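# Tertiary structure, described
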Amino acid sequence: MITEEFEPTTDTVEEEASVEACTKCTACNTVCPVARSTDIFRGPKALGPDMERFRSPQEAAVTPGLDLCSGCKLCEVTCPSQVSIQEYIRRAQNQGAREKGRSLRDWVLGRTRLLGKLGSMTAPLANFGNGNPLFRVLMERFVGIHRRRPLPKYQWLTFERWFKRHPQPAKSRRKVAYFYGCWVNYNDRRLGERAVAALERNGIEVVVPRQQCCGIPAVVNSNMDLARRYGLQNVRHLTPIVEEMDIVASSTSCGLMLKHDYSHLLEIAGSEHVGARVYDIMEYLWMLHEAGELNLEFETVPMRLLYHAPCHLKSHGIGYPAMRLLRLIPGVHLEEVDEGCCGISGTFGVKVEKYDLSMKIGSRLFEAVKAAGSDQVLADCETCRMQVEHGAGATSAHPIEILARAYGHG
Amino acid sequence: MKTDVAVIGTGLAALAAARTVQQSGRQVVLVWPGLSSLYFLSATVDVLGYPTATAAEPIAHPAEAVARLIAQEPTHPYARAGMNAVEASIALMLEWFKEAGLAWEGAIDRNFLLPTATGMPKPCCLAPASMTAGDLSRPQPLVFCGFTGYQDFAPEFAAANLTRQWGAADVSAVRVTAPGYGAERLFTSIDLARSFEDAAFRDAVAGQLRERVTGDGVRVGVPGVLGLTMPNETFAAFQRAVGHPVFEIPTVPPSVIALRLFDRLRKHLQEAGIEIIWAAPAHAADVTDQRCRSILLKAAGHELPVEAAAYVLALEDWVDGAFRAGVHTVRDPFFHQAIAWNKVPTDRTAESLFASQPFEEVGYALTDRLQPADVNGKPLARNVFCAGGAMAGYDPSGTKSRGGMAIATGYRAAQEALAA
């Protein structure tokens, strides 16, 4: 029995969940898409909070199977005790890479912006190479990128340069800064154009501040030092911006980095001031709608659409604003395809040793997409869209593109 | 974000409340701080198994017993919900299970008596059809079947204990091998459940059972691992291949049977257009003039206010972190008040691990309309209603009323929210 004399003077209630908050309920293992698809992965409970008790910064990180965690964070979404399960795994992965070194492949994949710069400068050549079977065999052999994984096409005209020539609207009610991310800049400028158009149709002047890669490719390739460097640069660029306006992001994972991971995972001082003014673009427009300020002059968009909610969107804790918004558009028939993780997890499914696993994780989603036979699959995350196109042979779009279309753009 | 009613929680109380609001045609949003114990623990809806936590004789007719309990204990959660809510919520769930394609059986006027994984007879009111062939009021012999290397169900232990506890004469145990699994591999019921959806695996297991189990009318009890995503088909195919009536026994967490229930109901709500806000714990209520204007969710980076006409707090107490205990106080995440329970830590636990634990009863003091109340019995907010584990005096474990209390209070709280 606890002794009666026990009478501490302060009343402490822990606010942040620590590893000790894990009750071993196993809810995380049941939702883990990797554990569902392979029997060699021991699951988030063992690799996160369980092993964390045996880790120290002075000792080598020797947990086998750590690299199989794809970083979807569904374990954290599920945890009843709000334990940062995936962050423990992330730190251990990073510690392991620090000790053992990184492969050339992971070094490259962590530098999306560098890849983007090179890719867009040499766009026709890079795209030819990425689509050439012989080149892909060599790339698989020497770099470790799976030969069957379609790689994103690079575009010569970047979003940054397009935007410089983009005429500013004559008058606006407010300003918002756009964090476009590497994908829009180097691979999908059209998405950025449509995001700008949708915002401008609402009387918003779009500002494009100086920005660096958000850092998530570096984080997932076990290079948190590099991610922190990128994060510091972004926080420096964006701190004066948030004094004047909100920031919107059209990439789910970029947004999550800015909102949450800069402060929690990378512990970047001052980042929470930036994060507090970052919104997912669909989240932002929905807020506008609830304030009665969304432009509702939509054209009919007669489309059957399927919505796939990216795992990282669940971590935003904002629900599915894209579904709410698109259901305002006449003609849109929108359903959710609720089959969990698509499997690609950024650069995870690109790697030669992870490709098959990534396709297996996504197989339920692919089947459901094929069975639904819709016109287009919508997802806020660019790599989810890549994976659904590849696995289900579907065409895909970001939800903002449908909104832009309802505004008569594109 | 704005809605008519916001339901906070992920357990049966929250699901029943959301369904009740949905059926009324009003808009509802579910706010999920993380999954509740329903997700990995429960498997049946137990209305009332024993009249008291220490009673030995199980209840056969729960409806009458609940009515008696309500008459005797006016502050019991069942009394707060009222008999009408108890009956209506059972009807609501049965209809919902049917509509969602969950094959369940039971009625409020009788209890099943089903064997647990430890060989205890457990009274429960509603159960999946895949469990009810194990009812101990039936005379046919029972064979418990385990899998070599599977640590979460020991058929020999269950059989021996059931013989001792229940005096059942004809109970025996077998172990069969599950192809691909063995002592060298660490696996859980989830892994087995996925394998059981594969016809070749299923038939290999069923083949061994057909050989080992003989005799007329023998019922075969297996751990609850018969399929995860398409349980009805998996169960039917397995039972056919075994050639005997089969019943599932819920396992220790993670309980596949609970997972199926939860996932199906969740998806069904989403299919009906109900939005779920994941991963955003509520951490404050904005209350002015005794009305809750919004609750604030801890979303990534910033607070997300959810504005509703009324709120149902259908949280558990400890499992989902609704309450945080300090040394001298217990605080709630909404009103940040020390709630109706301020005992010293030494009084929070009973000495025996198996006794009813006082901390289970910690919760909001309530008004007659299930509003969380202050020390004077006045509502903290007129449009907030409480259901499930966060109610004071809510302890379903000893009396086997997990599930029943949740849906009855969830239903009642939702009705109050609709009227608010």
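Residues numbered from 1 in each chain as written. Chains lettered and ligands numbered in written order. Predicted model: local features only at pLDDT ≥ 70, side-chain atom pairs only at ≥ 80, totals over all residues. Heavy atoms only, no water.

## Some points on the confidence of the model for chain B
Heads up, the rule is: Per residue, pLDDT captures the predictor's confidence, and it can take any value from 0 to 100.
In this model, chain B carries a mean pLDDT of 91, and residues with pLDDT of at least 70 account for 96%. The ipTM for the predicted assembly is 0.89, set against a pTM of 0.92.

## With respect to the packing of helix H4 (residues 83-99) of chain B against helix H9 (residues 256-271) of chain B
Helix-helix packing is described using two parameters, namely the angle between the two axes and the distance between the axes. Residues and elements named next belong to chain B. Test applied: A fitted line through C-alpha atoms represents every axis, and for helices the fit uses only the stretch in contact; the resulting angles, taken between N-to-C directions, go from 0 to 180 degrees. Comment: elements are numbered from the N terminus, with helices defined as DSSP H or I runs of at least four residues and strands as E runs of at least two. Comment on the angle field: the value is read as roughly parallel under 35 degrees, roughly antiparallel over 145, roughly perpendicular from 65 to 115, and oblique elsewhere. By the convention used here, residues are in contact when the closest approach between their heavy atoms is within 4.5 Å. Just so you know the grouping, Ala, Val, Leu, Ile, Met, Phe, Trp, Tyr, Cys and Pro go in nonpolar, Asp, Glu, Lys and Arg go in charged, and all remaining residues, Gly too, go in polar.
Their axes nearest at 10 Å, the elements H4 and H9 cross at an angle of 85 degrees. By the angle between their directions, the pair H4 and H9 is classed as roughly perpendicular. Residues Met-93, Trp-96, Phe-97 and Glu-99 of H4 pack against Leu-261, Leu-265, His-268 and Leu-269 of H9. Looking at the contact of H4 with H9 residue by residue, the class counts come to 6 nonpolar, 1 polar and 1 charged.

## Details of the pattern of salt bridges
Residues and elements named next belong to chain A. Which entries qualify depends on this criterion: When a carboxyl oxygen of Asp or Glu lies within 4 Å of a side-chain nitrogen of Lys or Arg, that pair is called a salt bridge.
Tallying each qualifying case throughout the model produces 35 salt bridges over all chains. Linking Asp-356 and Arg-148 is a salt bridge whose minimum nitrogen-to-oxygen distance equals 4.0 Å. Remark: Arg-148 occurs in the loop between helix H9 (133-142) and helix H10 (159-165) and Asp-356 occurs in helix H20 (residues 355-372); sequence separation between them is 208 residues. A salt bridge links Asp-225 to Arg-228; the shortest N-O distance between them is 3.5 Å.

## Considerations on the nonpolar core
Residue and element names in this part refer to chain B. Basically, it comes down to this: Only buried residues count toward a nonpolar core, which is a set of Ala, Val, Leu, Ile, Met, Phe, Trp, Tyr and Cys residues joined through side-chain atoms within 4.5 Å. Relative accessibility decides the category of a residue: with a 1.4 Å probe and only protein chains considered, values under 20% of the type maximum give buried, values over 50% give exposed, and everything between is partly exposed. In this entry, domain limits derive from an automatic or database-based domain assignment.
Formed by 229 residues in total, the largest nonpolar core has its most connected members in Phe-147, Phe-238, Ile-295, Phe-334 and Tyr-364. When residues in this core are grouped by element, the largest group, 9 residues, is from helix H10 (residues 404-419). Each of domain 1 (2-102 + 262-419) and domain 2 (132-249) accounts for three or more of the residues forming this core. Excluding residues that lie within four positions of it along the chain, Phe-238 makes contacts with Phe-196, Arg-202, Val-205, Ala-206, Leu-209, Val-222, Leu-226 and Val-246.

## Section: the sheet that holds strand E8 (residues 396-397) of chain A
All names here are of chain A. The line we're drawing: The pairing criterion is simple: DSSP has to find at least two bridges between the two strands.
Reading across the sheet, the 4 strands line up as E6-E5-E7-E8 and stay open at both edges, with parallel pairing between neighbours. Looking along the sheet, the strands with just one partner apiece sit at the ends: strand E6 (332-336) and E8. As judged from the 3 bridges shared by strand E5 (residues 303-307) and strand E7 (residues 376-378), these two strands associate in the parallel manner. Counterpart to Tyr-307 in the pairing with E7 is Leu-378. Seen against the sheet, helix H22 (residues 399-406) touches E5, E6, E7 and E8 and runs at an angle of roughly 155 degrees to E5.

## Observations concerning the pairing of strand E13 (residues 291-298) of chain B
All names here are of chain B. When strand E12 (residues 282-288) meets E13, the two strands line up antiparallel, connected through 6 bridges. Across the sheet, Thr-288 pairs through a bridge with Arg-291, a residue of E13. What sits between E13 and strand E14 (residues 303-313) in their antiparallel hairpin is a turn of 4 residues, with Gly-301 showing a positive phi close to 85 degrees.

## Topic: the sheet that holds strand E10 (residues 246-249) of chain B
Residues and elements named next belong to chain B. Read across the open sheet, the 4 strands follow the order E8-E7-E9-E10; overall the sheet is parallel. Among the strands making up the open sheet, the edge pair consists of strand E8 (171-176) and E10. Going across the sheet, the axis of each strand differs from the next one's by a mean of 30 degrees, ignoring polarity. The pairing of strand E7 (residues 142-147) with E8 spans 6 bridges and is classified as parallel. Of the residues in E8, the one forming a bridge with Gly-146 is Arg-175. Packed on one face of the sheet, helix H7 (residues 199-212) meets E7, E8 and strand E9 (219-223) and runs near 140 degrees to E8. In this fold helix H8 (residues 231-242) packs onto E9 and E10, with an angle of close to 125 degrees to the strand it touches most, E10.

## Quick notes on the packing of aromatic side chains
To be explicit about the condition: Only Phe, Tyr and Trp rings are paired, with Trp represented by its six-membered ring, and only when their centres lie within 6.5 Å; those with planes under 30 degrees apart are stacked, over 60 edge-to-face, the remainder tilted. To sit over a ring, a charge needs its Lys NZ or Arg CZ within 6 Å of the ring centre and within 35 degrees of the ring normal.
Inspection of every chain in the model, using the stated rule, returns 22 aromatic pairs over all chains. Considering the side-chain rings of Tyr-178 of chain A and Tyr-180 of chain A, the 6.3 Å spacing of their centres and the 70 degrees angle between planes classify their relative orientation as edge-to-face. One exposure class covers both Tyr-178 of chain A and Tyr-180 of chain A, and it is buried. The interplanar angle of 85 degrees and the centroid separation of 5.1 Å between the aromatic rings of Phe-196 of chain B and Phe-201 of chain B together place this pair among those described as edge-to-face. Through a chain of ring-to-ring contacts, three or more aromatic side chains come together here, namely Phe-147, Tyr-150, Tyr-181, Phe-187, Phe-196, Phe-201 and Phe-238 of chain B. Positioned over the ring face of Phe-142 of chain A is Arg-141 of chain A, at 5.4 Å from the centre of the ring.

## Quick notes on the environment of Leu-118 of chain A
Residue and element names in this part refer to chain A. Mapped onto the elements, Leu-118 comes out in helix H7 (residues 112-121). The class of Leu-118 is partly exposed, set by a relative accessible area of 46%. Separated by 36 residues in sequence, Leu-118 and Tyr-154 place their C-alpha atoms 9.2 Å apart.

## Details of a nonpolar patch on the surface
Residue and element names in this part refer to chain A. Short version of the rule: Residues enter a patch when their relative accessible area is above 30% and they make no salt bridge; the linking distance is 9 Å between like charges and 5 Å between nonpolar side chains (Val, Leu, Ile, Met, Phe, Trp, Tyr). Surface accessibility in these figures is a Shrake-Rupley result with a 1.4 Å probe; residues are shielded only by whichever protein chains are displayed.
A grouping of Leu-104, Trp-107, Leu-114, Leu-118 and Met-121 is seen on the molecular surface, where their side chains present a nonpolar patch of about 530 Å² in accessible area. Every element with two or more residues in the nonpolar patch is listed here: helix H6 (104-109) and H7. The greatest single-element share of the nonpolar patch, amounting to 3 residues, is contributed by H7. If you trace the backbone, Trp-107 turns up in helix H6. The partly exposed category is assigned to Trp-107, whose relative accessible area is 40%.

## Observations concerning the interface of chain B and chain A
The cut-off we apply is this: Buried area: the sum, over both parts, of the accessible surface (1.4 Å probe) that disappears when the two are put together. In protein, a polar contact requires one atom able to donate a hydrogen and another able to accept it; more generally it is a pair of N or O atoms within 3.5 Å, and residues adjacent in sequence count only if both atoms are side-chain atoms.
In this assembly, 41 residues from chain B lie in contact with 49 residues from chain A. Of the roughly 3,700 Å² buried where chain B meets chain A, counting both sides, 52% is carbon and sulfur surface. At the boundary of chain B and chain A, one finds 3 salt bridges. Close ionic contact of Glu-339 of chain A with Lys-267 of chain B constitutes a salt bridge, the shortest N to O distance being 3.7 Å. Here chain B is connected to chain A by 9 residue pairs in polar contact (both at pLDDT 80 or more). Counting residues per element, the ones that place at least two in the side of chain B that touches chain A are helix H6 (189-196), H9, strand E11 (275-277) and strand E15 (324-325) of chain B. With 4 residues, H9 of chain B is the single largest residue contributor to the side of chain B that touches chain A. Considered class by class, the residues forming the side of chain B that touches chain A number 21 nonpolar, 10 polar and 10 charged.

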